[in-house]
Amino acid sequence: MKREQIKRRTLLATAAGALAVSALPHRALAAAGEGEQLSDYAKHTAEGSRRVTVTSVTGQRLRLTAYGNQMVRVSAARAKEEFFSDTRYEMVQPESHTSLGGSLKLTVTNDTLELRTDAADGLRIILHKKPLRLEFYSLATGALLVKEDAARGISWSGANSTIATEEFVPPSSGERFLKAGHGMLGRTPRLDRTGDTVSHNYADASAKNPDNQAPAIVPFYLSDKGYGVFFNTTFDTTFHFGGSSGYGFSADGHDAGGVSPQLDYFLINGPRFAQLLDRYTQLTGRPRLPQRSVFGLQLSDKNFADVSDQNWWREKITQHRAAGFPFDHQVNDNRWREGSGSWSGSWFEFSHERWPDPAGYRKWAAESGVTVTLDYNRNNTNEMAGWKGGPPPGYSFATADLKDVKENNAVPDWSNPDARAWVWKVFWDKALDPALKYPGDALWIDEVDDLGAIPYTAKTADGRRWAEERNAYFLNVHKAVGQEGWDPDKSGHIGAAKRPWNWSRGATAGQQRYGHYWTGDIRSTYDEMRNQIRGMQTAGLGGFPFANIDGGGRRRQPDLRRVLPQLARRLVQPRTDLAPPRHCLDQGPGQAGLALAARPGHRGAGGLRQVRSAAVRTDAVHLHARPPGQRHRHAHGQGHGDRLPGPAAGLHPRPAVHVGSLAPRRPCHL
C-alpha cells in the first residue's frame, strides 16, 4: 500500500521562545560503547501465546508482548531488575493490557528469534541473538519499518544508569515524522519534526509563569513509513528524529533516587495514519465526547472581575441572544466563588453575596439552554473545606520540598487517593450534588502546571519521586474529577450518563478518557495563533480532539484582540438555526472530525470551507464531527448548543476547539 507522505511546508517563523520543547537540556543518544547495552542471547521463555521473554548472558531481560494483531510492546530490564507492573503508568488504560489480546508465533533459528503477530497484515519481528537487536517489518508488504544494529539498540547510561535509551539506525532520507502533543502554551513550531529533537515534559524550575503553562505530554510519534511508537513512561522523555543526534528516544530519571526509568514502548502498525490513531486510542483510551453545548459559543467573565454576578450573567446572556448572537456555555472565572471572588482569597463554593440564589439561576439556565463551567484554582486549595497540608495523612508534599513553590501551602499531591477523594467531595458538597440544584455542568481545573520548582527528589504519596510523577500530574487530577469523581454510577457521584466537560491547564496521554485541557494564557499575536493551530493538530494526533483556546489570546498584546471581533463581523453572518447532521457525530473509529472556518471575502454559509487541519474557533463559524475513535456512548445527550458561534461583545471568549487531522469519509455540509 502506498504510504502516506507528509509534505513539507514553508512555515512562518514563530515568536521567540515558542519552541515546542521544555526548558530541559537535550541529551543526545548514547554513543556506541557508552553505558550498558543489551548483550548476547542466553535463553528465552514463552509465557502463553502473547509474550516471549529473552534473557541475555549478563542477566538482562527483553520482553515482547502482543497487544492485538497490530501492536507489540517492547520492555527491557537490567540484571536483577524486575519489570514494572503493567499498571504502573495509567497512560495506557488498565483494561487494554488484557482486553486487546493477541498472539505471537515464534520461530527459532541459530541466529535469530522470529515473531509474527496473528494477522496477515500484522507485524514481523526479527530478534538477532549476538547481540540482542530488533528489526520490525510489515507483514503486508515485507517492508522494513525500523531496526537496531550492532552499535545501536537499547541501553542504559548516566549517573546510576538513570537514562534508558532506544536508538535505531538513522532513518532513510525520505522518512518523515510527526510528534504528538506539544510544548508549553500549546506551541508547536512545525508539524514535520524530521531532524528535530523534541521534549514535551512538565516545566522545570527554570521556567517561570506564565511561560511554564499547559504542555500536552504525549510520548507518541508517527512515521510516514506506516508505524507509530508510544513510549510508556512518565519520566522526562526526549525524542530524536534523525540528523546529528540520531534516531531514537530516551527517558531520564535525573538521578533522583528511587527507581530508574525502564525502556518500555509500543510499536504500532498502520500503515494509514487513521489506523495508527485508532490503535493508539484503543491502547490509551477513546476521547470523551462533551455535551452538545460545548460545541457552541463559550464566553467567560474574565474581563469583568468587579461587576459580574448571577444577575449580570443573566442580563448579558439575554442581551446577546436578543441581539442575534448565539450563547451556549458560560465559563465562570473566579467571581462565582465564596470569599474575595478574585484569583486569590476565594474558594470552591458559591458566593453568598454575588450568587445568593444558585438554584434559581440553574433553573433559568436549564430553561434557557445554557450550561455552566465552575473553576478551581490550585492556589486556593488550602481555603477549601477539609484541606490537610503536609504529606500523608495530609494531601500535600513535605514542607521542605515546597520551599521554592509559589502558594506553597496549597499544593495537592494527586497521586494520593485520599487527596483525590477529598477534592471530589468538596466539588460534590459545594456545587455538584443534584440535591442542591445548583448550576455546574463542567469543571475548569486551573494552574496545576506551575509546580516545576518541586525538586526531582521529592517523594510523592504513592512512593515515587517527583522526577517520575510530575508528567502524570494532569492525568492524576483527571482521575480525581473524572474516573473516581464524576463517572461512578453510585451515591456521591454524577455517573457517566451525563457527559463531563472537565478541562485542565495541561494534559497527559490517557487523560482524554476522562477530560480535556486548555492551552493557558497565550499571547495575542498572529504568531501565537499560528502556534495554536499547529498545537491543536498535534494534540489531535495524541488523542485530544477537543481543547480550549483563549480566542484572541490572553496576554495583553493588542493585535488579535482588537482585530478578530472586527474580522468576524465582516466575514461571518451569524446563524442560530443550524445543527450538524447526525452522521457528523457518528463517524466510526479512524474517521476524523470536520472543521469549517470563515473564509475571507465571503459571508455566511457561502464562506465556509472544509479544511484538513485544526481551526481556532474564536468569533468564526465551526462545525464539529466525531474524532478518530470517539466513544459511541451518549452521542446525543445532555446540553444544548445547536447554534453556531457568531461575533460576540462584552464577554471574554474562551471557546472550545476541535482538531480534524484527516478528512472524513462522509463530508458534513451546512
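Thresholds, definitions, all that
Residues numbered from 1 in each chain as written. Predicted model: local features only at pLDDT ≥ 70, side-chain atom pairs only at ≥ 80, totals over all residues. Heavy atoms only, no water. Helix = DSSP H or I, 4+ residues; strand = E, 2+ residues; numbered from the N terminus. Buried < 20%, exposed > 50% of the residue type's maximum accessible area, 1.4 Å probe, protein only. Contact = heavy atoms within 4.5 Å. Phe/Tyr/Trp six-rings, centres within 6.5 Å; stacked < 30°, edge-to-face > 60°. Core = buried A, V, L, I, M, F, W, Y, C linked by side-chain atoms within 4.5 Å. Pairing = 2+ DSSP bridges. Expected span 1.5 Å × (residues − 1). Polar contact = N/O pair within 3.5 Å; in protein donor to acceptor, adjacent residues only side chain to side chain. Salt bridge = Lys/Arg side-chain N within 4 Å of Asp/Glu carboxyl O.

*Asks:* What is the right way to look at the overall build of the protein chain in this model?
*Replies:* A count of helical and extended segments in the protein chain gives 9 helices and 34 strands. For the protein chain, the proportion of its 670 residues judged to be buried stands at 62%. For the protein chain, long-range pairs separated by at least 24 residues make up 72% of all intrachain contacts whose partners lie at least 6 apart in sequence.

*Asks:* I keep staring at the packing of aromatic side chains and nothing clicks. Help me out?
*Replies:* The geometry of an aromatic ring pair is captured by the separation of the ring centres together with the interplanar angle, meaning the angle of the planes. For the coordinates displayed, the defined rule picks out 45 aromatic pairs. Ring centres of Phe220 and Tyr280 lie 4.2 Å apart, and the angle between their planes is 10°; on these two criteria the pair is classed as stacked. Taken together, the positions of Phe220 in strand β16 (residues 220-223) and Tyr280 in helix α2 (residues 273-284) put the pair 60 residues apart, joining distant regions of the chain. Here the aromatic rings of Trp466 and Tyr473 are separated by 5.7 Å at their centres, their planes lie at 75°, and the arrangement is edge-to-face. Exposure remark for Trp466: the relative accessible area of 1% places this residue in the buried category. Among the residues examined, Tyr473 registers a relative accessible area of 2% and is labelled buried. Through a chain of ring-to-ring contacts, three or more aromatic side chains come together here, namely Phe168, Phe177, Tyr221, Phe231, Phe239, Phe241, Tyr247, Phe249 and Tyr265.

*Asks:* Please explain the nonpolar core as it appears in this structure.
*Replies:* The tendency in soluble globular proteins is for nonpolar side chains to be buried as a group. If you look at the biggest cluster of nonpolar residues, it comprises 49 residues, and the most contacted ones within it are Phe348, Phe427 and Ile454. Of all the secondary structure elements, the ones that give two or more residues to this core are α3 (310-322), β24 (346-350), α4 (358-368), β25 (371-377), α5 (417-432), β26 (442-446) and α7 (473-486). Tallying contributions element by element places α5 first for this core, with 9 residues. In this structure, Ile454 is in contact with Phe397, Asp401, Leu402, Val405, Val411 and Trp466, ignoring residues within four places of it in sequence. Ranked by size, the runner-up nonpolar core spans 42 residues in total, among them Ala66, Leu123, Phe168 and Phe249.

*Asks:* Would you take a moment to explain the sheet that holds strand β11 (residues 154-157) for this structure?
*Replies:* Two orientations exist for strands paired in a sheet by backbone hydrogen bonds: parallel and antiparallel. Strand order in the open sheet formed by 6 strands is β1-β11-β12-β19-β18-β14, with antiparallel pairing between adjacent strands. Edge strands, defined here as strands with exactly one partner in the open sheet, are β1 (36-37) and β14 (197-198). Pairing between strand β18 (residues 236-241) and strand β19 (residues 247-252): 6 bridges, direction antiparallel. Within β19, the residue paired with Thr237 across the bridge is Ala251.

*Asks:* Whenever I open this one, the environment of Asp204 confuses me. Can you help?
*Replies:* Note on placement: Asp204 falls in the loop between β14 and β15 (216-217). Exposure remark for Asp204: the relative accessible area of 13% places this residue in the buried category. Measuring from C-alpha to C-alpha, the distance between Asp204 and Asp450 comes to 8.9 Å, with 246 residues separating the pair along the chain.

*Asks:* Would you mind showing me how to read α2 here?
*Replies:* Every α-helix carries 3.6 residues per turn, so stepping three or four residues along brings you back to the same face. Counted at 1.5 Å a residue, the expected span for α2 with its 12 residues is 16 Å, and the 16 Å between its end C-alpha atoms agrees. In terms of burial, α2 is a largely internal element, 11 of the 12 residues being buried. The set of residues buried in α2 consists of Phe273, Ala274, Gln275, Leu276, Leu277, Asp278, Arg279, Tyr280, Thr281, Leu283 and Thr284. One or two residues past the end of α2 sits Gly285, with phi positive at roughly 115°.

*Asks:* Help me out: how do you make sense of α5 in this one?
*Replies:* Among all positions in α5, only Ala419, Arg420, Trp422, Val423, Trp424, Val426, Phe427, Trp428, Ala431 and Leu432 are buried. Those residues of α5 that are buried are in contact with β24, β25, β26 and α7. Where α5 begins, the capping side chain belongs to Asn416, and its oxygen is found 2.9 Å from the backbone nitrogen of Asp418.

*Asks:* How should the pattern of salt bridges be read in this particular structure?
*Replies:* Charged atoms that come close allow side chains of opposite charge to pair. If you walk through the whole model with that rule in mind, you get 32 salt bridges. Across the pair Glu114 and Arg124 runs a salt bridge, and its minimum N-O distance is 3.5 Å. You can see Glu114 sitting in strand β7 (residues 112-117) and its partner Arg124 sitting in strand β8 (residues 123-128), a full 10 residues away along the chain. Under the relative-accessibility criterion, Glu114 is labelled buried at 17%. The partner of Arg337 in a salt bridge is Asp375, and the shortest N-O contact between them spans 2.9 Å. Of this pair, Arg337 sits in strand β23 (residues 337-339) while Asp375 is found in strand β25, placing the two residues 38 residues apart along the sequence. Each member of the pair, Arg337 as well as Asp375, is classed as buried.

Purely geometric stuff here, so don't read any function into it on its own.
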